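Observations on the model geometry
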Amino acid sequence: MTEVRLRFPPSPTGYLHIGGARTALYNWLFAKKNNGKLILRIEDTDTERSTDESIQGIIEGLEWLGIDFDEGPYFQTTFDGDHKAAAERLLQEGKAYKCFCTKEELDAKREAALAAKQSLGYDRTCRNLSAEEVAAKEAAGTPSVIRFKVPEREGRLGYDDSILGRIEADYKELDDFVIVRSNGKPLYLLCNVVDDIRDRISHVIRGQDHMTNTLKQILLYEALEAPVPIFAHMPLTLDTKKAKISKRSHGEIVAVQFYRDCGFIPWAFNNFLVLLGWAPGNDQEIFSKEELIETFSLERINKSSSIFNYRKNDPKFFTDPKAISINEHYLRTMEICELAKLVEPELKAEGLWQESFNGEKREWFLATLDLIRDRFHTLKDFTSLGRAYFGDDFTVEEKPLKKNVLKHDGLKEWLPMLADRYEQLDDFTLESAEQAARDLATELDIKPGIIINAMRTVVTGQLAGPSMFDILIAIGRKKVIERLRDVARLYPA
Ligand code: GLU
C-alpha cells in the first residue's frame, strides 16, 4: 500500500481561524489514524499578502492546539524553481502553450460571448499558433501567459470525493486555464500540485471552496505523469446568518489565538472543532485524543455546511455555547494534575504563582483547584473569579457587596467579632468554623445567613461558590481573619 501522506498548506495572509484549524485537525486525525505523515507547508507565494506575523501566528496556533507535524514547515516560495520547471516541461511537451491575447481582447471576447449567450471560456485563439508565429510575437516583445491545454477528449473527467462522492464535468466545459502569469509567476493552482507531487501527498483534505480547482489540478497531475491523490472536500463553516466564516468579516472571534487567550483548554477546543462538520453517528460528544483518532473517518464528515453559533451580543455566551460547554466539561472533569499544569501559567502571568504550589503546598493547591473548578468556564476564571484563593488583591464584586454587605451596617462590628473567635479556636476546622459563626448569629439574634453570606463576599469577593466553610479552610485561618477584620474598608467613607 502506498504511504499515507497529508498536508496542511495554509496561506499566511492572516491568523489561524477556526476553519483552518478544523482543516488541520481533520488532516492530523486522518494521518494519525492511518499511521500516515502530516506535512506543514506554508503557501507564501502571494508575497504581497503573506506576512511573517501570520506565519508565526499559524505556527503558534497549531502548537497550542497540539497539532504536530512530521515534516515542515516547508515554504512554497523556496520551490519557485520547481514550479517554473513544471510549466516549462508542459510547454516543451506541448501540454501548455503561450497565449498572447491582451486583457482588452479577452474582455471584448467575453462581452461578445455574454451577448451571444455563449460559453465565457477562453476561445483558444493562441492554442494552435505555429512555432514561427510564437517566435515572431516574442521577438516583437508581446507579453504572454502560459495556458494549460485541456485535452480534446470526449466524455467526462471526474474523481471520487471521499466525502461528496463522484464529482464530474465534461471535458468540453473545461477552460484552457492560465498556469503562469505574464510576469513569469506560476499560479497557485500549479504550485500547489507541483508541491503535492514532490511531497508525495496521497490524500488532500481541504475545504469545498477549493473544488473549483480540483478538476483542473487533476489534469495537471495527469500531464505531469504523477498519481492523482484522493480528494476529500469538507463543508464550509458558516455563521448563524449563513455567511462564510472569515477573518475579514468576523474578526478575532474566529481566531484560534482568541480561544487560547480566553483560557480554553487546547484539547477541549479540538473536541469542539471536530464536531463542526463531523459526527460519530451516535450522540457521543466528548472524546479523548485516542478515542477520536480511533473513531474519526472521512465518511462521517457532513456533506453540508456547519454553523459556528457564536452570539455577537450575548455577554453570557461570548462565543459558540458548545465551545464553552465542552470546555467546562474538561475543566471540571480532567485529572487534577493535568489541570494544575494548565493553571500554573495563568497564575504566573498574574503574579499569583508560588513555587511551593509544586512543593510543600502541592496538596493544598490541588485540593483548592478541585474545590473551585466546578463553577468555572475557562482557565481565566482561576485568576479572576478564583483570585482570592491565591492572592490578596482581588475585587469584591458590586452585586454581592450591595446585597450581602452594605445592607447591614452591623457587619462592620460582627465580622471582626467573628475574626476574634476564629483566632481563639484551638482547631480551625469545617465544624468549628461553622459552629462559631452560628453561635455568634444566635448571640446577636440575627439569621446565620447574614453572617455567612457576608463572609463569602468579604473573603472571596464573589456572590456564589463552593460551600462557605470549605472556602474558609482553603483560604486559611490567617487570611480569613485579616479579611474579616478589614470589612470596614468596603463601606463608603
Ligand atoms: N493555501 C490554500 C489555503 O490556504 C490551501 C489549498 C489546498 O489545501 O490545496 O486555502
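A quick note: this is a predicted structure, and the numbers were derived from the prediction, not measured.

Cut-offs used in this document
Residues numbered from 1 in each chain as written. Predicted model: local features only at pLDDT ≥ 70, side-chain atom pairs only at ≥ 80, totals over all residues. Heavy atoms only, no water. Axes fitted to C-alpha atoms, helices over the stretch in contact; angles between N-to-C directions. Helix = DSSP H or I, 4+ residues; strand = E, 2+ residues; numbered from the N terminus. Parallel < 35°, antiparallel > 145°, perpendicular 65-115°, else oblique. Left-handed = near helix turned anticlockwise from the far one by under 90°. Contact = heavy atoms within 4.5 Å. Nonpolar A, V, L, I, M, F, W, Y, C, P; charged D, E, K, R; others polar. Salt bridge = Lys/Arg side-chain N within 4 Å of Asp/Glu carboxyl O. Buried < 20%, exposed > 50% of the residue type's maximum accessible area, 1.4 Å probe, protein only. Phe/Tyr/Trp six-rings, centres within 6.5 Å; stacked < 30°, edge-to-face > 60°. Lys NZ or Arg CZ within 6 Å of the ring centre and 35° of its normal. 1 Å grid on protein atoms, 1.4 Å probe; cavity = no way out; pocket = protein on both sides within 12 Å on 5 of 7 lines; lining within 4 Å. Points joined across faces, edges and corners; volume = space filled by probe spheres on them. Pairing = 2+ DSSP bridges.

1. Overview of the packing of helix α16 (residues 411-424) against helix α17 (residues 430-444)
The N-to-C vectors of α16 and α17 enclose an angle of 135°; their axes lie 10 Å apart at closest approach. By the criterion of interaxial angle, the relationship of α16 to α17 is oblique. Both α16 and α17 take part in a crossing whose hand is right-handed. Contacts from Trp 414, Met 417, Leu 418, Arg 421 and Tyr 422 in α16 reach Ala 433, Ala 436, Ala 437, Asp 439, Leu 440, Glu 443 and Leu 444 in α17. For the contact of α16 with α17, a count of residues per class yields nine nonpolar, no polar and three charged.

2. Remarks on the pattern of salt bridges
Side-chain pairs of opposite charge can arise whenever the charged atoms involved come near each other. Evaluation of the coordinates by the stated rule reveals 50 salt bridges. Arg 5 is the partner of Glu 3 in a salt bridge, and the nearest nitrogen-oxygen pair spans 3.9 Å. The exposure class assigned to Arg 5 is buried, which follows from its relative accessible area of 3%. Across the salt bridge formed by Asp 176 and Arg 127, the nearest N and O atoms sit 3.0 Å from each other. Residue Asp 176 is found in the loop between β7 (165-170) and β8 (178-180), and its partner Arg 127 is found in the loop between α4 (103-115) and α5 (131-139); the two are separated by 49 residues along the sequence. Residues Asp 176 and Arg 127 agree in their burial class; the two are buried. By sharing partners, the salt bridges in this structure join Arg 7, Arg 41, Glu 43, Asp 82, Asp 195, Asp 196, Arg 198 and Asp 199 into a single network.

3. Focus on the packing of aromatic side chains
Summed over all chains, the structure comprises 23 aromatic pairs. Summarising the aromatic geometry, the rings of Tyr 422 and Phe 428 are spaced 5.1 Å apart at their centres and angled 75° between planes, so their arrangement reads as edge-to-face. The same class applies to Tyr 422 and to Phe 428, which are both buried. Aromatic ring contacts, followed pair by pair, group Trp 64, Phe 258, Tyr 259, Phe 264, Phe 269, Phe 272, Phe 308 and Tyr 310 into a single cluster. Over the ring of Tyr 122 we find Arg 147, and its NZ or CZ is 3.7 Å from the ring centre. Sitting over the ring of Tyr 491, Lys 412 keeps its end group 4.7 Å from the ring centre.

4. Describing the layout of surface pockets
For the largest pocket, the calculated volume is near 1,300 Å³. Pro 10, Ser 11, Thr 13, His 210 and Lys 247 are the residues nearest the centre of the largest pocket, which is lined by 45 residues in total. Residue assignment for the lining of the largest pocket shows that the elements contributing at least two residues are β1 (5-8), α1 (18-33), α3 (80-92), α6 (188-198), β9 (203-207) and α8 (247-250). A total of four residues in the lining of the largest pocket trace back to one element, the largest contributor, which is α1. In terms of residue class, the lining of the largest pocket is built from 15 nonpolar, 15 polar and 15 charged. Reported here for the second largest pocket is a volume of approximately 520 Å³. What lines the second largest pocket is a set of 23 residues, among which Ser 119, Gly 121, Tyr 122, Asp 123 and Asp 175 lie closest to the centre. A total of six residues in the lining of the second largest pocket trace back to one element, the largest contributor, which is α4. Looking at the lining of the second largest pocket residue by residue, the classes come out as eight nonpolar, three polar and twelve charged.

5. Examining the sheet that holds strand β4 (residues 96-99)
Taken in spatial order, the three strands of this open sheet run β4-β5-β8, and their pairing is antiparallel. Looking along the sheet, the strands with just one partner apiece sit at the ends: β4 and β8. Pairwise comparison of adjacent strand axes, ignoring direction, gives a mean angle of 45° for this sheet. For strand β5 (residues 145-148) and β8, the ladder comprises two bridges, and the chain directions are antiparallel. Each residue of the ladder has a partner; that of Arg 147, found in β8, is Val 178. Across the sheet, α3 is in contact with β4, β5 and β8; its angle to β4 comes to roughly 95°.

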